[in-house]
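# Remarks on the overall topology
For reference, the chains in residue letters:
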Amino acid sequence: MRVRYIVFMGVSGSGKSTVARRVATALGWPFVEGDDLHPTANVAKMRRGEALDDADRQPWLDAVAETLRAWRAEGQPGVMSCSALRRMYRDRIVDGRDDVLFAYLHGTRARLAQRLADRRGHFMSADLLDSQLATLEVPMSPPERVVRLDIERDAEALVRTVVGVVSESAVD
């Protein structure tokens, strides 16, 4: 099945938004920043350094899934960033479809912590990294449709990799 939707996933600081925006630009597809879909209460909780639980994430995951449904209804492809840390979250987002590719950005804890320490102006507290790493269920292909991206590679190499996967899916 052809890839029509790409969800860049991983813990905070992995570069989801940066790489996702570049891939969206390269493909000419719309981009949605998943963080913008969080309810206000979730953002406030993360600003305080409090980890979200599954109940907190439900309205956010519903909004992410709804964005994909809207794109499908409009017949347009799209790119989104969303941590999608657990398999059940990814299953909820995919909604039984095989047109979604998860682009999993991963790196060492030390590298992720450094990136978070260098980041300014984001609501996600760097103190939540360990909580996110503990929650992360690494996607497995198969059964999930995923491309693994090492954050030690430069962003343009990651973009080329994802665009290549999308291009290959077009000839399947």
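My aim in this report is to walk through the structure given alongside it, one point at a time. The residue numbering used here restarts from 1 in each chain and proceeds along that chain's sequence as written. With pLDDT at 70 or above as the cut-off, local features in this predicted model cover only qualifying residues; side-chain atom pairs require 80 or more to be listed or tallied, and sums for whole chains, interfaces and linings still use all residues. Side-chain measures were taken over the full set of non-hydrogen atoms in the model, leaving aside hydrogen atoms and water.

### Focus: the packing of helix 1 (residues 16–27) against helix 7 (residues 155–169)
Stated formally: In this description, a line fitted to the C-alpha atoms serves as the axis of each element, helices being fitted only across the stretch in contact, and the angle between N-to-C directions of two axes falls anywhere from 0 to 180 degrees. Only DSSP runs of H or I with at least four residues qualify as helices, and only runs of E with at least two residues qualify as strands; both kinds are numbered from the N terminus onward. For classification, angles of less than 35 degrees are called roughly parallel, those exceeding 145 degrees roughly antiparallel, those between 65 and 115 degrees roughly perpendicular, and all remaining angles oblique. Crossing handedness follows the turn of the near helix against the far one: under a right angle anticlockwise gives a left-handed crossing, and clockwise gives a right-handed one. Contact definition: two residues touch when any of their heavy atoms are within 4.5 Å. Only Asp, Glu, Lys and Arg are considered charged in this grouping, and only Ala, Val, Leu, Ile, Met, Phe, Trp, Tyr, Cys and Pro are considered nonpolar; every other residue, Gly among them, is considered polar.
Running from N to C, helix 1 and helix 7 point in directions that differ by 50°, and their axes come no closer than 9 Å. By the angle class used here, helix 1 and helix 7 are oblique. The two elements helix 1 and helix 7 cross, and the hand of that crossing is right-handed. Within the contact between the two elements, helix 1 uses Val19, Arg22, Val23, Ala26 and Leu27 and helix 7 uses Ala155, Glu156, Leu158, Val159, Val162, Val163 and Val166. Within the contact of helix 1 with helix 7, the residues separate by chemical class into 10 nonpolar, no polar and 2 charged.

### Some words on the packing of aromatic side chains
The condition is simple: Working definition: a ring pair exists when centres of Phe, Tyr or Trp rings (six-membered ring for Trp) sit within 6.5 Å. Plane angles under 30 degrees give stacked, over 60 give edge-to-face, the rest tilted. A 1.4 Å probe rolled over the protein chains alone gives each residue an accessible area, and that area as a share of the maximum for its type sets the label: buried under 20%, exposed over 50%, partly exposed in between.
All chains considered together, the criterion is met by 1 aromatic pair. Between the aromatic rings of Tyr5 and Trp71, the centroid separation amounts to 6.2 Å while the plane-to-plane angle is 5°, which identifies the pairing as stacked. Of this pair, Tyr5 sits in strand 1 (residues 5–9) while Trp71 sits in helix 3 (residues 54–74), and the two are 66 residues apart along the sequence. On the basis of relative accessibility, which here comes to 2%, the residue Tyr5 falls in the buried class. Residue Trp71 is classed as buried on the basis of its relative accessible area of 6%.

So far we have only geometry, and geometry alone does not tell us how the molecule works.
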